[in-house]
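Commentary on secondary and tertiary structure
Now for the letters of each chain:
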Amino acid sequence: MINPRRPGDPASLGEFHILGRLGSGGFGTVFVGSRRQWTNELAAVKVVHAQLAEDRTFRDRFTREIIAIGRVQSNYVPRLMGEDAGADEPWLATELIRGPSLHQVIWHCGPLPEDAVWHLGLGIVRALEAIHKEGIAHRDLKPGNVLITPEGPRVIDFSLVHLAELGHGSSSRVYMGSHEYAPLEQLWGLKYAGKQADIFAFGGTLLCAATGHPPFADRMEAQQANVNLADLPRALYPVVAPCLNKAEDDRPSLAELKATFESRAG
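Throughout, residues of each chain are indexed from 1 in the direction in which the sequence is written. The predicted nature of this model means local features are confined to residues of pLDDT at least 70 and side-chain atom pairs, given and counted, to a pLDDT of 80 or more, with totals for whole chains, interfaces and linings taken over all residues. Calculation of side-chain values draws on the structure's entire complement of heavy atoms; hydrogens and water are dropped beforehand.

Describing the overall build of the chain
Convention followed: Starting at the N terminus, helices and strands are each numbered in turn, a helix being any DSSP run of H or I of at least four residues and a strand any DSSP run of E of at least two. With a 1.4 Å probe rolled over the protein chains alone, any residue whose accessible area is under 20% of its type maximum counts as buried; one over 50% counts as exposed, and the rest are partly exposed. Accessible areas in this description were obtained via Shrake-Rupley with a 1.4 Å probe; residue shielding takes into account the shown protein chains only.
Looking only at helices and strands, the chain has nine helices and eight strands in total. When each of the 266 residues of the chain is scored for burial, the buried share is 52%. Roughly 12,500 Å² of accessible area belongs to the chain as shown, and the carbon and sulfur atoms make up 49% of that amount.

Pasting the structure below:
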């Protein structure tokens, strides 16, 4: 839902006219914008929180991350439409996807049919493949960051939550992300979470899609690595369960997952 702009919100950023607010998080505030010359093309414009923007380390990393994000090319990832890492309030704009999140679909409609989970998994795998190819990891994959469209899923907000953690200092163990879908290594901080953490979160996202519940109910379960696999369909179990292994090396590779999902989803 798009909410009206508040007093103090920008009227424009770069070539984008700001139409309203979508929400806010650890990284910053998300607005809906439109390019002045193409009013029917909407963008999600993410503006960095002021306390992060004042950190030189953050700005340097933000610039590098934006370059990497701009290189990601996939039908399953919103494209980068604009950015200004040097602005007083750094921002980036990505394609606005018009569709509900997987979390919303599950909340309102319940778990997905098994066949739909296979197709969902293939789309997410292809998105992760494009993201990992550019040397970055998502680090906050979850049903709330997967949008559903008639053409397939779209994975959003990759790499941004790690940037937000930099505002707490490089030695901080402040956890940012979603503990319900995070592997044990990520509870120590996002700098310890790499591409294999995305494999764990991928398994957790599909688990929720198929059953309606995440791997962990709370942070205590996550710390003990007690994964809840109840109600997982038998055909999905050999694929989803290994993704949720406690040890990183025991999780399947993205290439193995892609081969499996391509054979099942076509």
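Let's talk about the side chain of His 213
Operational definition: Whenever a nitrogen or oxygen atom comes within 3.5 Å of another N or O atom, the pair is scored as a polar contact, on the condition that within protein one atom can donate a hydrogen and the other can accept it, and that pairs from neighbouring residues in sequence are kept only if both atoms are in side chains. In this description, contact between two residues means that some pair of their heavy atoms is separated by no more than 4.5 Å.
Locating His 213 in the fold gives a position in the loop between α6 (195-211) and α7 (219-224). A polar contact of 2.7 Å, which involves the side chain of His 213, links it to the backbone oxygen of Ala 230. In contact with His 213, not counting residues within four places along its chain, are Leu 207, Cys 208, Asn 228 and Ala 230.

Digging into the pattern of salt bridges
Using the following cut-off: A pair is scored as a salt bridge if a Lys or Arg side-chain nitrogen falls within 4 Å of a carboxyl oxygen belonging to Asp or Glu.
By the definition in use, this model includes 13 salt bridges. Taking the shortest distance from any N to any O, the salt bridge between Arg 126 and Glu 262 comes out at 3.6 Å. One end of the pair, Arg 126, is in helix α4 (residues 114-133); the other, Glu 262, is in helix α9 (residues 254-265), and 136 residues separate them in sequence. Residues joined by salt bridges that share partners form a network here, namely Glu 15, Arg 35, Glu 41, Arg 79 and Glu 95.

What about the environment of Arg 36?
Tracing the chain through its elements places Arg 36 in the loop between β3 (28-35) and β4 (38-48). With relative accessibility at 49%, the residue Arg 36 sits in the partly exposed group. On a C-alpha basis, the gap between Arg 36 and Glu 15 in space is 6.4 Å, while along the polypeptide they are 21 residues apart. Arg 36 has contacts with Ser 12, Gly 14, Glu 15 and Phe 16, leaving out every residue within four places of it along the chain.

A look at unusual backbone geometry
Notably, Asp 157 is not glycine yet its phi reads approximately 60°, a positive angle. Secondary-structure assignment places Asp 157 in the loop between β8 (152-155) and α5 (160-165). Of note in the backbone geometry, Asp 231 takes a positive phi value of approximately 75° without being a glycine. Following the sequence through the fold, Asp 231 ends up in the loop between α7 and α8 (237-243).

Quick word on the packing of α4 against α9
Definition in use: Lines fitted to C-alpha atoms define the axes, with helix axes restricted to the stretch in contact, and inter-axis angles between N-to-C directions lie between 0 and 180 degrees. Left-handed is the label given to a crossing in which the near helix is rotated counterclockwise from the far helix by less than a right angle, and right-handed is the label when the rotation is clockwise.
The N-to-C vectors of α4 and α9 enclose an angle of 145°; their axes lie 9 Å apart at closest approach. When the axes of α4 and α9 are compared, the crossing they make is left-handed. Counted together, Glu 114, Val 117, Trp 118, His 119, Gly 121, Leu 122, Val 125, Arg 126, Leu 128, Glu 129 and His 132 of α4 and Leu 254, Leu 257, Lys 258, Thr 260, Phe 261, Glu 262, Arg 264 and Ala 265 of α9 form the full contact between these two elements.

A few points about the pairing of strand β5 (residues 80-84)
The test is simple: Any two strands with at least two DSSP bridges between them are considered paired.
As defined by bridge partners, β5 adjoins strand β6 (residues 91-95) across four bridges and the pair is classed as antiparallel. When the bridges of β6 are listed, Asp 84 appears paired with Trp 91.

A closer look at the confidence of the model for the chain
Quick note on the threshold: What pLDDT expresses is the predictor's confidence in each residue, scored from 0 to 100.
Of all residues in the chain, 89% attain a pLDDT of 70 or more, and the chain-wide mean is 88. Between residues 167-175, whose pLDDT stays under 50, and residues either more than four places distant or in other chains, the model counts 13 contacts.

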